[in-house]
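# Geometric and topological summary
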Amino acid sequence: MEIRYAVPNDLDGLLDLLKAYHMNSIPEEEKKNGFVTTNITKEQLHNLMENEKGITVAADGDKIVGFALAGSWKFWQPWPLFTHMIEHLEEFKLNGETLTAKNSYQYGPVCIDKRYRGTGIFEKLFALSLESMANRFPYMVTFINQINPRSYAAHTKKAKMTESGPFDWNNNHYWLMAIQTK
């Protein structure tokens, strides 16, 4: 198993994994095991990889079995949910400091093939993703849908992220999570 930064040959595998675990693709009974909600194109992934250096992957040989995406708020701004988060980001704090679009970046989605869950891949992807942006931003921010307890548990217990508060968007309820990058 290799945990590394993505390269162009990984993009199709990333899209396959994203599609397989997207909330619109998996059966309702599987959602309790985690899901992703962000739709992203191959061109957008390429931009994230090249310009933001924001994709870490877990590869088992030639197969992409996990990924974590991360990018500046400027990158994520075209998505309506992220625009909403940017507009409300300063309502949240971590360790007494107000979170902003300048001192933080957006992490996620993160996805791991269910056959590889529980093997330590999440922790390794998270650590490399955190390291990839640490020189640019003091805080990593993400959101977790409140109907996704597996993701909440992973990010609070394994990644040691802090719940900074709840927010609502588009009839969904989320937790805003944050962590210092260093």
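Computed from a predicted structure; not experimentally measured. (Residues numbered from 1 in each chain as written. Predicted model: local features only at pLDDT ≥ 70, side-chain atom pairs only at ≥ 80, totals over all residues. Heavy atoms only, no water.)

Moving on, we get to the overall build of the chain. On a plain count of helices and strands, the chain comes out with six helices and nine strands. In terms of C-alpha radius of gyration, the chain reaches 15 Å, essentially the compact-globule figure of 16 Å for 182 residues. Projecting the C-alpha coordinates of the chain onto the three principal axes gives extents of approximately 45 × 35 × 30 Å. Sorting the 182 residues of the chain into buried and exposed places 52% on the buried side. Surface summary for the chain: the accessible area is close to 9,100 Å², and the carbon and sulfur share equals 49%. Taking the average location of the 20 positive side-chain charges in the chain and that of its 21 negative ones, the two points are 4 Å from each other. (Helix = DSSP H or I, 4+ residues; strand = E, 2+ residues; numbered from the N terminus. Rg over C-alpha atoms; globule rule 2.2 N^0.38 Å. Buried < 20%, exposed > 50% of the residue type's maximum accessible area, 1.4 Å probe, protein only. Areas by Shrake-Rupley, 256 points an atom, 1.4 Å probe, with all protein chains shown as cover. Lys, Arg positive; Asp, Glu negative; His and termini not counted. Charge placed at Lys NZ, Arg CZ, Asp CG, Glu CD.)

Attention now moves to helix α2 (residues 42-52). Side chains of residues three or four places apart in an α-helix project in the same direction, reflecting 3.6 residues per turn. Of the residues making up α2, those classed as buried are L45, L48, M49 and E52. Considered in projection along α2, the buried side chains sweep an arc of 120° and stay on one side of the axis. Those residues of α2 that are exposed and angled more than 90 degrees off the buried face are E43 and N51. Contact partners of the buried residues in α2: α1 (11-20), β2 (55-60), β3 (63-71), α3 (73-76) and α5 (121-133). Note on α2: the residue one or two positions beyond its end, K53, has a positive phi of about 55°. (Arc of directions from axis to C-beta. Contact = heavy atoms within 4.5 Å.)

Before going further, it helps to examine the sheet that holds strand β6 (residues 104-112). The strand order across the open sheet built from seven strands is β1-β2-β3-β6-β7-β9-β8, with neighbouring strands paired in mixed fashion. Taken across any chain shown, the strands that pair with only one partner, and hence form the sheet edges, are β1 (2-5) and β8 (162-169). With strand direction ignored, the average angle separating the axes of adjacent strands in the sheet is 25°. Pairing of β8 with strand β9 (residues 172-180) involves seven bridges; the strand directions are antiparallel. Each residue of the ladder has a partner; that of G165, found in β9, is L176. Lying over the sheet, helix α4 (residues 80-88) contacts β6, β7 (139-145), β8 and β9, oriented at roughly 120° with respect to β8. (Pairing = 2+ DSSP bridges. Axes fitted to C-alpha atoms, helices over the stretch in contact; angles between N-to-C directions.)

This part covers the pattern of salt bridges. All told, the structure shown has five salt bridges when counted by the stated rule. Residues D10 and R4 are paired through a salt bridge, measuring 2.6 Å at the closest nitrogen-oxygen approach. With a shortest N-O distance of 3.3 Å, E52 and R136 are connected by a salt bridge. With E52 in helix α2 and R136 in the loop between α5 and β7, this residue pair connects regions lying 84 residues apart in the sequence. In the salt-bridge network here, residues are joined through shared partners; they are E2, R4 and D10. (Salt bridge = Lys/Arg side-chain N within 4 Å of Asp/Glu carboxyl O.)

Let us look at the packing of aromatic side chains. This structure, assessed with the given rule, holds 12 aromatic pairs. Ring centres of Y105 and F137 lie 5.5 Å apart, and the angle between their planes is 40°; this geometry places the pair in the tilted category. Residue Y105 is located in strand β6, and its partner F137 is located in the loop between α5 and β7; the two are separated by 32 residues in the primary sequence. A residue is classified by how much of its surface remains accessible, and F137, at 9% relative accessible area, is buried. Relative to W175, the ring of Y152 lies with its centre 4.3 Å away and its plane at 45°, an arrangement referred to as tilted. Here the residue Y152 occupies a position in helix α6 (residues 149-158), and W175 occupies one in strand β9, the gap between them amounting to 23 residues. For W175, a relative accessible area of 17% corresponds to the buried category. Three or more aromatic residues link up through ring pairs in this structure, and these residues are F75, W76, W79, F82, F143, F167 and Y174. (Phe/Tyr/Trp six-rings, centres within 6.5 Å; stacked < 30°, edge-to-face > 60°.)

In terms of nonpolar packing, the biggest core is built from 36 residues, with I55, M85 and L99 touching the most fellow members. At the level of elements, α1, α2, β2, β3, α3, α4, β7 and β9 are the ones that each hand at least two residues to this core. Considering every element that reaches this core, the biggest residue donor is α1, with four residues. Excluding residues that lie within four positions of it along the chain, M85 makes contacts with W73, Q106, V141, T142, F143, F167 and L176. Membership of the second largest hydrophobic core comes to 24 residues, among which are A58, A68, I144 and A159. (Core = buried A, V, L, I, M, F, W, Y, C linked by side-chain atoms within 4.5 Å.)

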